[in-house]
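# Coordinates in review
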Amino acid sequence: MAGGKAPVLTPRSEDFPRWYQDVLNKAELADNGPVRGTMVIRPYAYALWERMVAEVDTRIKAAGAENAYFPLFIPESYLQREAEHVEGFSPELAIVTVGGGKELEEPVVVRPTSETVIGEFMAKWIQSYRDLPLLLNQWANVVRWELRPRVFLRTSEFLWQEGHTAHATEADARDYAEFILRSVYRDFMVEVLAIPVLVGAKIAEERFAGATNTLTCEAMMGDGKALQMGTSHELGQNFARAFDMSYLDEHGAQQMCWTTSWGVSTRMMGGLIMAHGDDAGLRVPPRLAATQAVVLVVRDDDGSVTPAAAELASSLERAGVRVRLDDRVSTGFGRRATEWELKGVPVRVEVGPRDLADGQVVVARRDDGTKVTQPLGGTPEAVVALLDDVQAAMLVSATEARDVRTVDVDSVDDALEAARTGFARLPWRLVDAPAIQRMGSSAVTVRCLQTVDGDLPGTTPADELVAVCARSY
RNA sequence: CGGGCUGUGGCGCAGUUUGGUUAGCGCGCUUGACUGGGGGUCAAGAGGUCGGGAGUUCAAAUCUCCCCAGCCCGACCA
């Protein structure tokens, strides 16, 4: 009991990838699927994903986009209409050649992304400048055959949201791509996930296949590596030309559309785990949590504790808390406390006979592990307030953890050194082709370009930009 | 595609070199008792075509051959 008990998880500092695997298993988040590279998302993790979907979907709708659904199967010929697009995606395509027992005349591709099908239909729907902008989104699964899969971070099939828009002008398309990045993605990640993200532009080599500009939200994980959490692309007129998305303007002249696409995926689950997790497991920020508080019956010898705990859970629910009652008193207290910690439930309310006798409960917060006693009557208000505190504290600590590992440097050598443990901010003018080569051989890449004060490049001259360099997932 | 390694209850492994009776161990699971404020203790259980096939042998997890699957490193890719 005391002392020499094996840790619940492999410590993060000992073996980070192993720790990640342990969290997936012990917190009952996911399993590997039977086909290599696929994953099974278990109920607890799926509940978190549903919360992500709800929050992101609300923001997407506020940005004016409407949901629709396009087919899983795409004619192979569609992909081929945009040269860079097909070149970028062909190595990771899953292609169906047999259907209904017969060889297909034209193979169909399992969508790796839907620019092409959606482009085809947008072209059909857009006739006039009055049809613009056309703002669509779909929630779907996509398939990109992966050789080095990792659950949530890189799987052959994953769930995501892909937005596709068409605009009358380049400026309008650019503004919208930026708006999505800032007001949908960054806002969600910072406000709900409590993960501070850098916004920036990808360098040409890292752009989406077929894009003229790729914007990104980059987060730092607990081991100092970067994770691309979301992207928003300006597609210029590449897809508009390939699919003939054109319209008549107010002067009766034919014009070509400008399009964008943007997405976030189940990869965010991996980001959540690696940005907030600790040696006791996952830590879920309250605004995301499907279960914000668990009321834990410590023990119940005379049958009086469970009803009191249930009543407390009801009052928490009435106060707007997403709460769950754990009255499995036949399982040891320690076991259950550990389980909820592994799952990262932000607040745990412990109720036992001793507490009831004293007219109080013990309230434990997951983020920093502290416990306080609380008068029974005032618990709902206290928990509501505490959830806000936890949310704020998690963002602060994640931001501090990132900033401590972020260094301003002025040489490639120093950047390589700094990238061993975190992010290096290097003047972009110092990054020439040989420098990219050198960094690449150390698995370091330019994650994004930003202005000096951390904003999107916009029209800032290239030699005033900062390149954020890091190892990445 | 090249090199290396591994397949044994749900998970992690031992046993294979030197064939030998009912194939073990830890975790998990079931049942019960005692417990209970941080993975509690004890006891009794359930669960295995030893990756697949062929062969050698009185006898194969163990030796031989073929096949399959997975993992790691390299290459490639993002």
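Model, not experiment: these values are computed from the prediction. Residue indices follow the written sequence of each chain, beginning from 1 at its first position. Starting at A for chains and at 1 for ligands, labels are handed out in the order in which the entities are written. Local features in a predicted model are, by the rule used here, given only for residues with pLDDT of at least 70; side-chain atom pairs are given and counted only at 80 or more, and totals for whole chains, interfaces and linings are based on all residues.

All right, on to the sheet that holds strand β16 (residues 323–326) then. The pairing criterion is simple: DSSP has to find at least two bridges between the two strands. By definition, any uninterrupted DSSP run of H or I lasting at least four residues is a helix, any uninterrupted run of E lasting at least two residues is a strand, and each is numbered from the N terminus. Overall, mixed pairing links the five strands, which are arranged β16-β15-β17-β18-β19 in an open sheet. The outermost strands of the open sheet, each flanked by one partner alone, are β16 and β19 (371–375). Along the sheet, successive strands turn relative to each other by an average axial angle of 25 degrees, direction set aside. Judged from the five bridges that link them, strand β15 (residues 293–297) and strand β17 (residues 347–351) form a sheet pairing that is parallel. When the sheet's bridge partners are listed, A293 is paired in β17 with V347. Its contacts with the sheet put helix α9 (residues 305–318) on β15, β16, β17 and β18 (360–365), and the angle it makes with β15 is roughly 170 degrees. Strands β15, β16 and β17 of the sheet are contacted by helix α10 (residues 333–343), whose axis makes an angle of about 175 degrees with β15. Working convention: axes come from line fits to C-alpha atoms, limited for helices to the stretch in contact. Angles between N-to-C directions cover 0 to 180 degrees. Our contact criterion uses C-beta atoms placed from the backbone: two residues qualify when those atoms are within 7 Å.

We now examine the protein's contact with RNA strand B. What surrounds RNA strand B is a group of 24 residues, the closest being V8, G334, E350, G352 and R354. Sorting the residues of the surface near RNA strand B by element identifies α10, α11 (353–358) and β18 as the ones contributing at least two each. In the scheme used here, Gly and all other residues not listed as nonpolar or charged are polar, with Ala, Val, Leu, Ile, Met, Phe, Trp, Tyr, Cys and Pro taken as nonpolar and Asp, Glu, Lys and Arg as charged. Among the residues making up the surface near RNA strand B, the classes are represented as ten nonpolar, six polar and eight charged. By definition, a residue lies near a molecule or strand provided its backbone-derived C-beta atom is within 6 Å of it.

With that settled, the discussion passes to the domain arrangement of chain A. Interface size is commonly expressed as the accessible surface area that is lost when the partners come together. Domain segmentation is taken from an automatic or database assignment of domains. In terms of domain boundaries, chain A breaks down into domain 1 (16–276), domain 2 (293–389) and domain 3 (405–470). Summarising the inter-unit geometry, the C-alpha centres of domain 1 and domain 2 are found 40 Å apart.

How far a helix is expected to stretch is found by multiplying one less than its residue total by 1.5 Å. Along its 14 residues, α9 runs 20 Å from first to last C-alpha, staying within 8% of the 20 Å computed at 1.5 Å per residue. Listed in full, the buried residues belonging to α9 are V305, A309, L312, A313 and L316. Viewed end-on, α9 has its buried residues packed into an arc of 100 degrees, placing them on one side of the element. Set apart from the buried face of α9 by more than 90 degrees, the exposed residues are P307 and R318. With C-beta atoms placed from the backbone, the exposure class of a residue follows from how many other C-beta atoms lie within 10 Å of its own: 20 or more, buried; 12 or fewer, exposed; in between, partly exposed. When we speak of the arc, we mean the arc of directions from the helix axis to the C-beta atoms.

Tracing the backbone through its elements, the reader meets M245 in the loop between α7 (238–243) and β12 (246–248). Along the backbone, M245 and M122 are 123 residues apart, and their C-alpha atoms lie at a distance of 6.7 Å. Setting aside chain neighbours within four positions, we find M245 in contact with G119, M122, A123, I126, A166, A240, C257 and T259.

In terms of residue burial, strand β8 (residues 157–167) counts as a mostly covered element, since eight of its eleven residues are buried. Pairing geometry for strand β7 (residues 134–143) and β8, over ten bridges, is antiparallel. Bridge pairing links L134 to A166 in β8. As paired strands, β8 and strand β14 (residues 258–265) are joined by eight bridges and run antiparallel to one another. Its bridge partner being in β14, E162 is matched across the sheet by G263.

Let us look at the nonpolar core. A set of buried residues qualifies as a nonpolar core if it consists of Ala, Val, Leu, Ile, Met, Phe, Trp, Tyr and Cys joined through C-beta atoms within 7 Å. Ranked by size, the top nonpolar core spans 127 residues in total, and within it A293, V295, V351 and C469 carry the most contacts. With nine residues, the top contributor of residues to this core is helix α6 (residues 170–191). Apart from residues lying up to four places away in sequence, A293 is in contact with L316, V321, V323, V345, P346, V347, V349 and V383.

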